[in-house]
Structure formats: C-alpha cells, structure tokens
Amino acid sequence: MDITKYVLAVDDERSNLLILEKALKQTCHLITTTSPFNAIPLFEKYLPTLFLLDIDMPEMDGFELCEKLKAISAEQSTNFIVITSHDEFDYEQRALQLGAVDFISKPLNLPICQLRINNQLHITRQTQLLKQSHAALAKEREHLRIILRSINDSVIATDEHGFITFMNPAAQRITDWDQQQALGEHISKV
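Quick caveat: nothing in here was measured; it's all calculated off a predicted structure. (Residues numbered from 1 in each chain as written. Predicted model: local features only at pLDDT ≥ 70, side-chain atom pairs only at ≥ 80, totals over all residues. Heavy atoms only, no water.)

(A) Spatial organisation of a negative patch on the surface. A grouping of D56, D61, E64 and E67 is seen on the molecular surface, where their side chains present a negatively charged patch. With respect to the element layout, D56 can be found in the loop between β3 (50-54) and α3 (62-72). A relative accessible area of 39% means that D56 is categorised as partly exposed. (Patch = residues over 30% accessible without salt bridge, like charges linked within 9 Å, V, L, I, M, F, W, Y side chains within 5 Å. Areas by Shrake-Rupley, 256 points an atom, 1.4 Å probe, with all protein chains shown as cover. Salt bridge = Lys/Arg side-chain N within 4 Å of Asp/Glu carboxyl O. Lys, Arg positive; Asp, Glu negative; His and termini not counted. Charge placed at Lys NZ, Arg CZ, Asp CG, Glu CD. Helix = DSSP H or I, 4+ residues; strand = E, 2+ residues; numbered from the N terminus. Buried < 20%, exposed > 50% of the residue type's maximum accessible area, 1.4 Å probe, protein only.)

Encoded structure:
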C-alpha cells in the first residue's frame, strides 16, 4: 500500500473507529486513536495525507486538535474530514473555515462514508501525481534550456504567428540581435 494512503482517525468512541476500520480496510492504511493527545505523535510519525476528526472529545475538541495537526503539516498538504453527530451549521462552517474538505454526519452511513473518503484519497493522489509531473516537466525544460544554450547551431523559436519567443547564443551571434531585443519581434524582421 502506498504511503499516500495513510489516514489518521481520531474519535473518542472506539465503536466509530471500528466502523471506519471496516469501511476502509481495502482502501487505505488506517491509523486510529481515541485520544487527541495520542493523535499528535501518530500524526508526526505517519504524516497521513488525510485525517478524520470527531468534534466532541473530552480531552481536546476536534477543532483544537485540527489546528495543532495543521501546524505540524504546514509544509505538506494534509486534508481533513470532520465526522460528527452535530448537524448545526456553525459546526460545519467552522470546520470548513479551518480547511475541512468534507463533513460526515453520525451515525455513519458506511457506503457514503467510504465514498467520501475514497474520493478524497483519489483527489489527493491525483494532486500528488500532478505535482510530480509538473516537477518532471520543469526539470526536463531546464535540461533542454541548457542544451539549447550550449549547442553551436543557431536556434530560434517562434509562436504560431512567427513572433520570436527564444534565441540561443549562437542565433544571437549570427543575427546580431540580443535575445531581449528580439523577443516579440517577427522572425522576418530579425
């Protein structure tokens, strides 16, 4: 199972955690705890891409725990879903203001809960793949830039209308145009 599928669930009712374990056993590696204080070291150890929080817990409420976990994960994107029996709009609004990506009501509807969490894991995975692709593209672009600047052949690139977007040093020497002057000029002029 890939590391992007670690999910941390924090709920003071063990029965809710057992339901979540059953619902998500095929989807992700679920780490559970009934104590918000235990959640912090678990979060630091596993750095889950998603955490599920109950709001009402005796030691620390879910909102306070969420703020602590988000401070730990400031440099990585970790999303969270609030799971609660509260259906008042102010709870949902506060959760969304903190950055919750979803709000699941108790009692848990197992199929709906699975779908919401699986959808969020899928979105997270797609986002990570997009970031990796972007980084690979940037690396390849830099590699090509270095090659184009170092070859002795003249290279001039234009847009679809014939306006210059790039000139390598060899092209600048041959045309007697500096790239900064040539950018945006039509190829026929240069």
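Moving on from the coordinates now.
(B) Inspection of the sheet that holds strand β1 (residues 6-10) at higher detail. The strand order β2-β1-β3-β4-β5 describes an open sheet built from five strands, whose pairing is parallel. Unpaired on one side and paired on the other, β2 (29-33) and β5 (102-105) mark the two borders of the sheet. Neighbour to neighbour, the strand axes of the sheet diverge by 20° on average, direction disregarded. Here β1 runs beside β2; their pairing, made up of five bridges, is parallel. Bridging from a neighbouring strand, V10 pairs with T33 of β2. Sitting on the sheet, α3 touches β1, β3 and β4 (79-84), and the angle it makes with β3 is about 160°. (Pairing = 2+ DSSP bridges. Axes fitted to C-alpha atoms, helices over the stretch in contact; angles between N-to-C directions. Contact = heavy atoms within 4.5 Å.)

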